[in-house]
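# Structure assessment
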Amino acid sequence: VRVVTDSIRRVVPEGIELHSGEVVPLDIIVCATGFDVSFCPRFPIIGKDDCNLQDMWTQNLPSAYMSCAVTAMPNYFVFMGPNAPIGHGSVLSIAEQVARYIVRMLTKCQVEGIKTVVPKADAVREFAEHAHTFLPRTIWAGNCRSWYKNGTVDGPITALHPGSRIHWFHMMEIFRSEDYEYEYYDKSNRF
């Protein structure tokens, strides 16, 4: 482990470039944004067809597949994303469950020669529809200002899972591979 205090100039294919000009090679970048519940990233995250996650989640309600994967963002996973069971108990067990889910996906990619994985748009849309149908019937939709509703009194609930904590755990234990699109390293033969 090396502590780097120089600020980041930009993300490059090899990792990050510091303001000093040094390129730090990285396999993964983990961002911790604190208690900003808008879900909108503070920097551009560019996906398929130059789609920017900042624009996606500013112009539309934030939505993610099972709170951890975003359509049009290949190989992008997030902890405590939109509609996670954050109000249902300990954050640690939620983070552990997402980590296990991501590791299962990474294992699938390594074993099966998958280059990119992204949730299907219809799977993300249907999960969001389920959430926006279920959550208004809950106590979380009460007439009060709440961070679950991005600080509004009557806004949509984007910070909570549409169901119980145990429901979410069971959903995360069953990996629904049909809800994802895959690009293989060898496009002519997946085996």
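Attention here is on the structure that accompanies the text. Remember, predicted model here, so these are calculated numbers, not experimental data.

Let's shift gears to the overall build of the chain. Tallying secondary structure elements over the chain gives four helices and five strands in all. Beginning at the N terminus, the succession of helices and strands in the chain can be written as β-β-β-α-α-β-α-α-β. Taken against the 2.2 N^0.38 rule, which gives 16 Å for 191 residues, the C-alpha radius of gyration of the chain at 18 Å falls within 12% of a compact globule. Reported as C-alpha extents along the three principal axes, the dimensions of the chain are approximately 50 × 45 × 30 Å.

Let us now look at the environment of Asp122. With respect to the helices and strands, the residue Asp122 is situated in helix 3 (residues 121-134). For Asp122, a relative accessible area of 37% corresponds to the partly exposed category. With 58 residues separating them in the primary sequence, Asp122 and Tyr180 have C-alpha atoms 9.9 Å apart.

This next bit is on the nonpolar core. Nonpolar side chains in soluble globular proteins tend to be buried together. Counting 21 residues, the largest nonpolar core has Tyr65, Phe77, Met172 and Tyr180 as its most contacted members. Of all the elements in the fold, those that place two or more residues in this core are helix 2 (91-112), strand 4 (114-119), helix 3, helix 4 (165-173) and strand 5 (180-184). When near neighbours in sequence (up to four residues on either side) are disregarded, Met172 contacts Met66, Cys68, Gln97, Val98, Tyr101 and Arg104. Core analysis: the second largest hydrophobic core is formed by 17 residues, Cys51, Met56, Ile86 and Ile157 among them.

What follows is about unusual backbone geometry. With a phi angle near 55 degrees, Met66 is a residue other than glycine that sits in the positive phi range. Mapped onto the fold, Met66 is located in the loop between helix 1 (53-59) and helix 2. Positive phi is not limited to glycine here, since Asn150 has a value of about 55 degrees. Here Asn150 is to be found in the loop between helix 3 and helix 4.

Look at helix 3: 20 Å from first C-alpha to last across 14 residues, which is about the 20 Å you get at 1.5 Å a residue. Taken as a whole, helix 3 has its buried residues at Ala123, Val124, Phe127, Ala128 and Ala131. Down the axis, helix 3 shows its buried residues gathered within 130 degrees of arc, on one side only. Close packing links the buried residues of helix 3 with strand 4 and helix 4.

Turning our attention to the packing of aromatic side chains. In total, this model carries eight aromatic pairs according to the counting rule given. For the ring pair Tyr65 and Tyr180, a centre distance of 5.3 Å and an interplane angle of 75 degrees mean the geometry is edge-to-face. Pair noted here: Tyr65 is in the loop between helix 1 and helix 2 and Tyr180 is in strand 5, with a separation of 115 residues, a long-range link. With respect to class, Tyr65 is no different from Tyr180; both count as buried. Note on Trp147 and Tyr148: the rings are 4.6 Å apart at their centroids and 45 degrees apart in plane angle, and the pair reads as tilted. Residue classification places Tyr148 among the buried positions, given a relative accessible area of 13%. Taken together, Tyr65, Tyr101, Phe175, Tyr180 and Tyr182 form an aromatic cluster joined through their ring pairs. Between the NZ or CZ atom of Lys108 and the centre of the ring of Tyr182, over which it lies, the distance is 5.1 Å.

Bringing the pairing of strand 2 (residues 15-18) into the picture now. In terms of strand pairing, strand 1 (residues 8-12) meets strand 2 through four bridges, oriented antiparallel. Note on strand 2: the bridge partner recorded for Val11 is Ile16. Joining the antiparallel neighbours strand 1 and strand 2 is a turn of two residues. For strand 2 and strand 3 (residues 23-25), the ladder comprises three bridges, and the chain directions are antiparallel. Its bridge partner being in strand 3, Gly15 is matched across the sheet by Pro25. Where strand 2 hands over to strand 3, the hairpin turn is made up of four residues, of which Gly21 adopts a positive phi near 100 degrees.

Procedures and definitions
- Residues numbered from 1 in each chain as written.
- Predicted model: local features only at pLDDT ≥ 70, side-chain atom pairs only at ≥ 80, totals over all residues.
- Heavy atoms only, no water.
- Helix = DSSP H or I, 4+ residues; strand = E, 2+ residues; numbered from the N terminus.
- Rg over C-alpha atoms; globule rule 2.2 N^0.38 Å.
- Buried < 20%, exposed > 50% of the residue type's maximum accessible area, 1.4 Å probe, protein only.
- Core = buried A, V, L, I, M, F, W, Y, C linked by side-chain atoms within 4.5 Å.
- Contact = heavy atoms within 4.5 Å.
- Expected span 1.5 Å × (residues − 1).
- Arc of directions from axis to C-beta.
- Phe/Tyr/Trp six-rings, centres within 6.5 Å; stacked < 30°, edge-to-face > 60°.
- Lys NZ or Arg CZ within 6 Å of the ring centre and 35° of its normal.
- Pairing = 2+ DSSP bridges.

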